[in-house]
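The chain contents come next:
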Amino acid sequence: MTLVIQTHGGERRTAQPAPRADITTDALLPEVADTAVDEAADFGFLFPPSGNPGDYLPDNVLAELDELGDRMVPNAPNPPPPQTADPTVTADSSLPAVLTYWGQFLDHELTARTDRETTISRIETALPTKTTAEIEAELKNARSPRFDLDSVYGGLAIGANIPPATGTVLSGMRHPNHPEKMRVGTCETGGATTGPIPDGLDHHRDLPRFAQVEQKVRDAYLSLIQNRLSAVEFQKFQVGLDKRAIIGDMRNDENLIIAQFHLSFLRFHNKVVDYLNTHDTGWIADFHSAKTLTKLHYQWLIVDGYLKRICDPAVVDAVLANRARHFFEFRAAYNDRNGGTTLGNVLPLEFSVAAFRFGHTMVRNSYDYNKNFGRPGGLLGDASFELLFDFTGGGSMNGHSRLPENWIIDWNRFVNADPDNSDNIAARVARAIDTQIAPPLGDMIKEGRDFPPGSDLHKLFRQLARRNLRRGLSLRLPTGQALHAHLKSIGAVNSPPIANIGDKLDNKPDLKNFLENSTARLHERTPLWFYCLAEGEGAGGQHLGEVGSWIVASTFIATLLDDPESALSLEFGPTHSPLRMPDDTPIDTIEQWMKFALVLE
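Residues numbered from 1 in each chain as written. Predicted model: local features only at pLDDT ≥ 70, side-chain atom pairs only at ≥ 80, totals over all residues. Heavy atoms only, no water.

### Notes on the packing of aromatic side chains
Where we set the bar: Working definition: rings of Phe, Tyr and Trp (its six-membered ring) pair if their centres are within 6.5 Å, and the pair is stacked with planes under 30 degrees apart, edge-to-face with planes over 60 apart, and tilted otherwise. Where helices and strands are cited, they refer to DSSP runs of H or I of at least four residues and of E of at least two residues respectively, numbered from the N terminus. Only protein chains enter the calculation, and the probe is 1.4 Å; a residue is then buried if its accessible area is under 20% of its type maximum, exposed if over 50%, and partly exposed in between. Comment: the charge-over-ring label is applied if NZ (Lys) or CZ (Arg) is within 6 Å of the ring centre and within 35 degrees of the ring normal.
Across all of its chains, the model carries 34 aromatic pairs by this definition. On the numbers, 4.2 Å between centres and 25° between planes, the contact of F210 with Y221 is stacked. In this pair, F210 sits in the loop between α5 (164-171) and α6 (215-225) while Y221 sits in helix α6, placing the two residues 11 residues apart along the sequence. Relative accessible area serves as the criterion here: at 1%, Y221 is assigned to the buried category. Above the ring of F287, the side-chain terminus of R174 is found at 3.6 Å from the ring centroid.

Laid out in structure tokens, this is it:
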């Protein structure tokens, strides 16, 4: 069988891609360690490929990009003279910290592979090796470009190259005794290094792990992976199997906050089943009903809970009002350029490689995580960035077989913003959207392991800002000014391009001076990622500027409109749902979502 991927649209949409024939393509095997079936969809350029060299960064820019990346890490150790990174110098926003990891979850829902080393894009060399036409033809998205929660539910195991073992693995994601529910994990309790649980709720608060599943599921999973790894790699993978999460996208188990966010979806789904069993709603308490309601609430919250906080609300309202018209015109232009080679549902490279990487600036170096690792400091005064990576499957659970109960997150500290850090413990907010990233992202301890410690490549792969800037260069992204001018010319945005991006920086004269005196003239030919961050900084750091807001809002809203069964296409709102909180109020905030899922008291 083959998987048919086509573009959908609601009946009331006024802007649609140009008609074209259905394209048939195979589903793809999951990435190693994932369980969700991948879907080869398209990436393309919002900015129509141009023959004007001034629309792109010059070839001699690499050294200055690296220096810019170093300058984006406060007191980073890379620029001369060597200094020690100071984790306290980055600015806070007034946004709740959950938005950082909610954004990461959404990114994993829509895109994959633009941050991986391929023959198309290699950050060691960084200079483009492919034309824009070759990039659009060859670089494919490995996630379904829909908000369908395939990272939670695993996608559809149908395709010419999809072996039966894939379906067996997906079955392991469901509860073994209650197939209408999703499998969850139970935390490790007792012992000298665990407890107390930080709230009065239950212990079923870990992601499901392969130690829990039937042997046939484990065998099926290993059979899918064995031929894709070397013998040494496979043996190492097999040894660590028990601690691996059985979830659609393993990137959701790379830090503990996003892992706990993913868990809330499993718990929400299961609570929907329980609710429908105990309330006379007319809905059947089965898997399909629970999945449908979980997706509808999630999709509604994307617009009203996430976009309207992260983006300029006026931009979001404008995109909603014109039903993402300019985005669908981008898709039509992409289809015209690529004809019958397109797979469908193209997403912008400018979104995946630049605009939606603003969340990297919101990451804190540590968090007021719960009462054990935060106020009042039962065990530690905060949860460090390093520990949040260690207590995951990717971090081998810091030696534990399951998540210890004392590491269950206190979502109240993440969904409700509190800027007070007068006690020298981390504020309960995200960092500002600006041109600085948290010091731990300048030296990521989990990265660069394939290179000798201390080597140039080891340092490069551990420095996130350098990586982002180099990736944008290798994938031929336009400058921020070029894309801004294009969006202005088609009426997508109202403001003119920023002639000198240094004017948007908040009291950073040294950085502005560097940009203005760079050989590449980076102040007027600015990398798109930095341009979007500087826009946000100029807007006060509380949300993206106009260009960044338009790229993110248009991508999300068009993705939802492209699905005729999405909350936006159906005009679904929480008041239309049969689900209610105990006080009969609708589930209309991320806090209510967490409470309904019983992961927040």
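### Examining helix α20 (residues 546-561)
As a reminder, the rule being used: The span one expects for a helix is its residue count, reduced by one, times 1.5 Å.
The terminal C-alpha atoms of α20, which comprises 16 residues, lie 21 Å apart, in line with the 22 Å expected from a rise of 1.5 Å per residue. Across the 16 residues that make up α20, a large majority, 16, are buried.

### So, the confidence of the model for the protein
Stated formally: Summary of the metric used: pLDDT quantifies the predictor's per-residue confidence within the range 0 to 100. By the convention used here, residues are in contact when the closest approach between their heavy atoms is within 4.5 Å.
In the predicted model, the protein carries a mean pLDDT of 89, and the fraction of residues at 70 or more is 91%. For residues 1-25, every residue scores under 50 in pLDDT, and the model assigns this stretch 63 contacts once sequence neighbours within four places are set aside. Segment residues 77-85 is flagged for pLDDT under 50; beyond a separation of four residues in sequence, or across chains, it makes 11 contacts in the model.

### Brief notes about the environment of F43
Positionally, F43 belongs in strand β5 (residues 41-44). Separated by 304 residues in sequence, F43 and L347 have C-alpha atoms that sit 5.0 Å apart.

### As for the environment of M362
With respect to the helices, strands and loops of the structure, M362 is situated in the loop between α12 (349-353) and β8 (366-367). Residue class for M362 comes out buried when judged on its relative accessible area of 1%. Each C-alpha atom, one on M362 and one on R470, is 20 Å from the other, the two residues being 108 residues apart in sequence. When sequence neighbours within four positions are dropped, the list of residues in contact with M362 reads L95, L99, T100, I310, Y367, A430, R431, A432 and I433.

### Focus: helix α17 (residues 480-489)
In terms of burial, α17 is largely enclosed, as seven of its 10 residues are buried. All buried positions along α17 are accounted for by G480, Q481, A482, L483, H484, H486 and L487. Trailing α17 by a residue or two, G491 shows a phi angle of about 85°, which is positive.

### Side note on the sheet that holds strand β6 (residues 140-141)
Note the following rule: One bridge is not enough; two strands pair if DSSP finds at least two bridges between them.
As summarised here, the arrangement of the three strands in space is β6-β5-β7, forming an open sheet in which the pairing is mixed. A strand with exactly one partner marks an edge of an open sheet, and here the two such strands are β6 and β7 (347-348).

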